[in-house]
Amino acid sequence: TRIGLPRDPSTLTVALVADEPLALALGPECHTICLTPENWHSALAARRPDLLLVESAWRASAGAWQYRIPWYGHPTSIGLVDLRALTAWCASNDVPSVFWDTAGPVGRGRFDEAASLFDVILTTDACALAHYDVLPTRRGAIVDLLEPGIQFQRYHPGSAEPGRAGQAPAQDGSRLPGGAVFVGFYDRARPLGDREALDRLLDAGLKHGLVIHDTAGVAGPDAPGFPERFRPVIAPFVGTAGLPDVLRDAAVVLVDAPGGDAEVLPAAVLEALACGTPVVSTPSRAIRALFGDQVPGAAQTDDPAVALDTILADPAAARRRILRSVLPGLARDYRIGERLGRLATAARIATLPTAPTIAVAVLHDEPSRTAPLSEALATLGDASEFLIGTTDWDGAGSVLAESLRAARPLVPVRLVDQAAETTTPRRLERLAGATDVDWIAAWSDGATPESGPADREPAADPLEALFLATFFQHGDRVAGGDARLPLAVRRRSVVAGGWAANPDVNRVALNGSAR
């Protein structure tokens, strides 16, 4: 019976049982109450949550839930007493409960008893839907697919800590000297074909300065862990908090993906690509379907050694391809904030869209510029609205507005009559006051795209870089990489403090350095 008026997902209070990666990802998106078996009752009594979210976590809350969510041959696992009590409290207090299986094929069957306790079961693995549908003791009516999400504030190349500025990518995409990086563990109980695929990938990486960040911390020929030949390149895992810096500093990231018929997209590939770092993976149907040739190794016929040689022959060019061709799509489709909205919707809590809205503001007074300006503006695919300020209402302004309405019928076009003697900052401020979008991008009519490296083509959509930057930017200004759209400003800051006469004030570049 929930639903009600749509809410901003950031206003949600989520009672959370999850491993560190998901907890860190959701932290900036909403208010989270991290639960343990010892504190959950008092924590929920102190603040009633909007929903309970439990991940298919092996340990959760720094190990507090070990043996209490998946099935183990361990006395603590019998009956899942703590989890049953938690979900029973939620049921009796009308708090919807959501179980999100992020473990993939490795966890298949281990979380059945836990999942059956929840109102909603979500999974990152399309092949697991049929499995959960037929659980004999399942309480909830909803079983659905929800792929992983990324917290771009942590992973994006522009979000590196200021102290690491020397290791951030240069504006031409180049890096400090670096090689291949693998983050993960080696499971000797996996099918032979999967282990052989990982061996081929890691062997190819050894020729390119491979560093293995072992998340299990076990190595040796007779124990679970990496084969002996990889032991010299194993480094201690830096922890989830340090992972983005490891991925950003790598020249290429190697990803071990579930093989065979698995259709689960590993979070590891999304994390690396979100950092702007090229990826080579083991064969994967899900990666191949989503990224095609952008992630070599995903096809059964791909040779990881050839893929690494190609990428590392010109790592700067490989990185630029990721930043241009892959990162914008990830920002639109794989944001953790969007995943939070879908989690809430599955729990029958209506939420508002989470993607930032951005209006293009243009001052247009010259009839001779109408045709080329209309053609350029019509290509801006991420525009939520067009704002036209004009001193020639019946001429240049109206013609441009009608042309844009014809070319982009689904995008609102707002025409504002302005006095000729008004300054440019005041004209932009009036446009900002006429809309309710999140960001205002001012179009610089007559400017040409800035030149870049010889092998870099001008952006077809100069709004794209600004749109992408707004996903991780906490400040009020972001700079674009194209002279036609050099700057976007948060609308509320324009309304409160005006438009800076100097467009370089507080500008933040996309690579994280001040400009």
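No experiment lies behind these values; they were computed from the predicted model shown.

1. Remarks on the environment of Ala-442
Assignment of secondary structure puts Ala-442 in strand 15 (residues 439-442). Other than its neighbours up to four places away in sequence, Ala-442 contacts Ala-361, Leu-428, Arg-484, Leu-485, Pro-486, Leu-487 and Trp-499.

2. Description of the sheet that holds strand 3 (residues 51-55)
Spatially, 2-1-3-4-5-6 is the arrangement adopted by the six strands of the open sheet, whose pairing is parallel. Looking at the sheet topology across the chains shown, the edges are occupied by strand 2 (31-34) and strand 6 (142-145). Strand-to-strand twist in this sheet, taken as the mean axis angle between neighbours without regard to direction, amounts to 25 degrees. Bridging between strand 3 and strand 4 (residues 97-101) involves four bridges; their strand directions are parallel. When the bridges of strand 4 are listed, Leu-53 appears paired with Val-98. Strand contacts of helix 13 (residues 336-346): strand 1 (13-17), strand 3, strand 4, strand 5 (120-123) and strand 6, with the helix running at about 130 degrees to strand 4, the strand carrying the most contacts.

3. Examining the pattern of salt bridges
Once their charged atoms are close, side chains differing in charge can pair, the charge on each being opposite to the other. On inspection of all chains with the given rule, the structure shows 20 salt bridges. Between Glu-263 and Arg-285 there is a salt bridge whose closest N-O contact spans 3.3 Å. Highlighted residues: Glu-263 in the loop between strand 10 (252-255) and helix 9 (267-274) and Arg-285 in helix 10 (residues 285-291), separated in sequence by 22 residues. Residue Glu-263 is classed as partly exposed on the basis of its relative accessible area of 32%. Between Arg-339 and Glu-338 there is a salt bridge, with the nearest N and O atoms lying 2.4 Å from each other. It is possible to trace a salt-bridge network through shared partners that takes in Arg-190, Asp-194 and Asp-256.

4. Details of the packing of helix 9 against helix 12 (residues 315-333)
Closest axis-to-axis distance for the helix 9/helix 12 pair is 9 Å, and the angle between their directions is 125 degrees. Here helix 9 is positioned oblique relative to helix 12, judged by the angle of their axes. As helix 9 runs across helix 12, the sense of the crossing is left-handed. Residues Leu-270, Leu-273 and Ala-274 of helix 9 lie in contact with helix 12, whose contacting residues are Ile-322, Val-326, Leu-327 and Leu-330. When grouped by side-chain class, the residues that make up the contact of helix 9 with helix 12 number seven nonpolar, no polar and no charged.

5. Some thoughts on unusual backbone geometry
Despite not being glycine, Ser-61 shows a phi value in the positive range, around 50 degrees. The topology assignment puts Ser-61 in the loop between strand 3 and helix 3 (81-92). Ser-61 gets classed as partly exposed once you look at its relative accessible area, which sits at 21%. Positive phi values are uncommon outside glycine, yet Ala-62 reaches one of about 60 degrees.

6. Here we look at helix 16 (residues 424-432)
All of the buried residues in helix 16 are Pro-425, Arg-427, Leu-428, Leu-431 and Ala-432. Taken end-on, helix 16 shows its buried residues confined to a sector of 160 degrees, consistent with a single buried face. Buried residues belonging to helix 16 abut strand 12 (358-363), strand 13 (385-390), strand 14 (413-417), strand 15 and helix 18 (491-497).

7. With respect to the packing of helix 14 (residues 370-377) against helix 15 (residues 393-407)
Helix 15 packs onto helix 14 with a crossing angle of 35 degrees between their chain directions and a minimal axis gap of 10 Å. Seen from above, helix 14 lies across helix 15 with right-handed handedness. Only Ala-396, Val-399, Leu-400, Ser-403 and Leu-404 of helix 15 make contact with helix 14, whose side of the interface consists of Thr-370, Leu-373, Ser-374 and Leu-377. The residue makeup of the contact of helix 14 with helix 15, split by class, is six nonpolar, three polar and no charged.

8. Some details on the pairing of strand 7 (residues 180-184)
Counting buried positions over the five residues of strand 7 gives four, a clear majority of the element. Bridge analysis of strand 7 against strand 10 gives three bridges, and the strand direction is parallel. Following the sheet pairing, Ala-180 is matched in strand 10 by Val-252. Both strand 7 and strand 8 (residues 211-214) contribute to a ladder of four bridges, which runs parallel. Bridge assignment links Val-183 to a residue of strand 8, and that residue is His-213. Handedness of the crossover joining strand 7 and strand 8 through helix 7 (residues 192-206) is recorded here as right-handed.

What counts, and at which threshold
Residues numbered from 1 in each chain as written. Predicted model: local features only at pLDDT ≥ 70, side-chain atom pairs only at ≥ 80, totals over all residues. Heavy atoms only, no water. Helix = DSSP H or I, 4+ residues; strand = E, 2+ residues; numbered from the N terminus. Contact = heavy atoms within 4.5 Å. Pairing = 2+ DSSP bridges. Axes fitted to C-alpha atoms, helices over the stretch in contact; angles between N-to-C directions. Salt bridge = Lys/Arg side-chain N within 4 Å of Asp/Glu carboxyl O. Buried < 20%, exposed > 50% of the residue type's maximum accessible area, 1.4 Å probe, protein only. Parallel < 35°, antiparallel > 145°, perpendicular 65-115°, else oblique. Left-handed = near helix turned anticlockwise from the far one by under 90°. Nonpolar A, V, L, I, M, F, W, Y, C, P; charged D, E, K, R; others polar. Arc of directions from axis to C-beta. Right-handed = clockwise from strand over helix to strand, strands pointing away.

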